[in-house]
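Analysis of the macromolecular model
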Amino acid sequence: LTYIEVIDSPHPVRYQITAGTTRPLYASSTGRLLLAFSDPEWVEEYLKLLVIKARTAQPISKTWLRKQIAAIQERGFEYSLDHYLVGLASVAAPVYDGEGRCIASLSIAGPSDRFRAVLDKLVATVKEVASRASGVVAATDAHRGEETADA
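Residues numbered from 1 in each chain as written. Predicted model: local features only at pLDDT ≥ 70, side-chain atom pairs only at ≥ 80, totals over all residues. Heavy atoms only, no water.

Some thoughts on the overall build of the protein chain
Looking only at helices and strands, the protein chain has four helices and three strands in total. The N-to-C order of helical and strand elements in the protein chain reads α-α-α-β-β-β-α. Taking 15 Å as the expected radius of gyration for a compact globule of 151 residues, we find that the protein chain reaches 16 Å, a close match to that expectation. Dimensions along the principal axes, computed over C-alpha positions, put the protein chain at roughly 55 × 40 × 30 Å. Sorting the 151 residues of the protein chain into buried and exposed places 34% on the buried side. Long-range pairs, those at least 24 residues apart, make up 55% of the contacts in the protein chain between residues at least 6 apart in sequence. Surface summary for the protein chain: the accessible area is close to 9300 Å², and the carbon and sulfur share equals 55%. (Helix = DSSP H or I, 4+ residues; strand = E, 2+ residues; numbered from the N terminus. Rg over C-alpha atoms; globule rule 2.2 N^0.38 Å. Buried < 20%, exposed > 50% of the residue type's maximum accessible area, 1.4 Å probe, protein only. Contact = heavy atoms within 4.5 Å. Areas by Shrake-Rupley, 256 points an atom, 1.4 Å probe, with all protein chains shown as cover.)

Next up, the structure:
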């Protein structure tokens, strides 16, 4: 997982991460969301070869990861409270292309004490913005298809 764009929070206490930062897929809510909406055969191969190295506040096992992937698929988003790092929370939702494939994840992260009080609102907001982004991507894909058909 590579973070490609970051918008900093205006809050003085915030989670800061720079564009270009990488994390193992299994270690973050964003990565687990991407796993949940990836090709199932690819995910199985990933899990077979996975060696868990990242240190997280809460332990991660392959069994736990499989359960998380199933839960993410069912609810359509992922969240984390104090899992990667004590004091850090995040919510992630999928961005789909015009073919309905998950191509990215949109997430928000910050101090877990602030997130706990408004988690439902943050989930709804992240899902809504990711849905809008999916619509933009789908429209762009359709436009590209029209250009190709006209050529």
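Back to the write-up after that little detour.
Brief notes about the environment of W42
Relative to the elements of secondary structure, W42 occurs in helix α2 (residues 40-49). Separated by 18 residues in sequence, W42 and P24 place their C-alpha atoms 15 Å apart.

So, the pairing of strand β1 (residues 78-81)
Here β1 shows a buried face lined by E78 and S80 and an unburied face lined by Y79 and L81. Relative to strand β2 (residues 88-96), β1 runs antiparallel, the two being bridged by four bridges. Across the sheet, S80 pairs through a bridge with S90, a residue of β2. (Pairing = 2+ DSSP bridges.)

A few points about the packing of aromatic side chains
Applying the stated rule across the entire model yields three aromatic pairs. Taken together, a centroid distance of 6.2 Å and an interplanar angle of 80 degrees make the contact between F37 and Y96 edge-to-face. Separated by 59 residues along the polypeptide, F37 in the loop between α1 (29-36) and α2 and Y96 in strand β2 bring together distant segments of the chain. Take Y96: its relative accessible area is 28%, and that puts it in the partly exposed class. Taking the centre distance of 6.3 Å and the plane angle of 35 degrees together, the rings of F77 and Y79 count as tilted. The aromatic ring of F77 is capped on one face by R75, whose charged end is 5.4 Å from the ring centroid. (Phe/Tyr/Trp six-rings, centres within 6.5 Å; stacked < 30°, edge-to-face > 60°. Lys NZ or Arg CZ within 6 Å of the ring centre and 35° of its normal.)

Here's the deal with the layout of surface pockets
Reported here for the largest pocket is a volume of approximately 1200 Å³. What lines the largest pocket is a set of 44 residues, among which E5, L106, S107, I108 and A109 lie closest to the centre. Breaking the lining of the largest pocket down by element, the ones donating at least two residues are α1, β2, β3 (102-111) and α4 (112-150). When grouped by side-chain class, the residues that make up the lining of the largest pocket number 26 nonpolar, twelve polar and six charged. (1 Å grid on protein atoms, 1.4 Å probe; cavity = no way out; pocket = protein on both sides within 12 Å on 5 of 7 lines; lining within 4 Å. Points joined across faces, edges and corners; volume = space filled by probe spheres on them. Nonpolar A, V, L, I, M, F, W, Y, C, P; charged D, E, K, R; others polar.)

Considering the environment of I7
You can see I7 is positioned in the segment before α1. Along the chain, I7 and P111 lie 104 residues apart, while their C-alpha atoms are 15 Å from each other.

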